[in-house]
Amino acid sequence: MSGCDDLDDATLVRRFESLELAPADFRHREHVRIAFAMLVDTDLADAAQRFKRALVRFATAAGAAAKYHETLTWAYLALVQERMARGSYPSSLVFVDENPDLLDHRRGAVAQLYDLDAITACPIARRVFVLPRR
């Protein structure tokens, strides 16, 4: 079985942080679910630091450290937090089901804020958060 939809939020986060998830099972959907789970009990700044540390560690262990992108990470975290404040979601699975535009990386919520080709190619945006230009 691909993906992690069989895992509850706490288990997903624990396995992510302990590098127990298979890289093939860590898709964009899991990024959004983990962002939700980490934001449930804390603010954006604390969740972002926790998420970044874990994501960089996970990517490095998977041999994909160069894929980490600071701007896209913060943009998704901020959007997830905003959506969480607008609704009530008992779990990340309910959250992603009710916010499918967060799962569409090419045309979804972040693509409404950023030129994805430009921001993905920007070396500065990989290292530091860059505000949207749209």
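Throughout what follows, the structure given in this document is the object of discussion. (Residues numbered from 1 in each chain as written. Predicted model: local features only at pLDDT ≥ 70, side-chain atom pairs only at ≥ 80, totals over all residues. Heavy atoms only, no water.)

Along the polypeptide, tyrosine 76 turns up in helix H4 (residues 70-86). Along the backbone, tyrosine 76 and alanine 48 are 28 residues apart, and their C-alpha atoms lie at a distance of 10.0 Å. Among residues more than four places away in sequence, those in contact with tyrosine 76 are His28, Leu102, Asp104, His105 and Val110. (Helix = DSSP H or I, 4+ residues; strand = E, 2+ residues; numbered from the N terminus. Contact = heavy atoms within 4.5 Å.)

Moving on to the pattern of salt bridges. One pass over the full model with this rule turns up 12 salt bridges. The closest approach of N and O atoms between arginine 29 and aspartate 5, which form a salt bridge, is 2.9 Å. You can see arginine 29 sitting in helix H2 (residues 28-39) and its partner aspartate 5 sitting in the segment before helix H1 (9-17), a full 24 residues away along the chain. Overall, the relative accessible area of 18% leaves arginine 29 in the buried class. According to the relative accessible area criterion, aspartate 5 is partly exposed, its value standing at 34%. (Salt bridge = Lys/Arg side-chain N within 4 Å of Asp/Glu carboxyl O. Buried < 20%, exposed > 50% of the residue type's maximum accessible area, 1.4 Å probe, protein only.)

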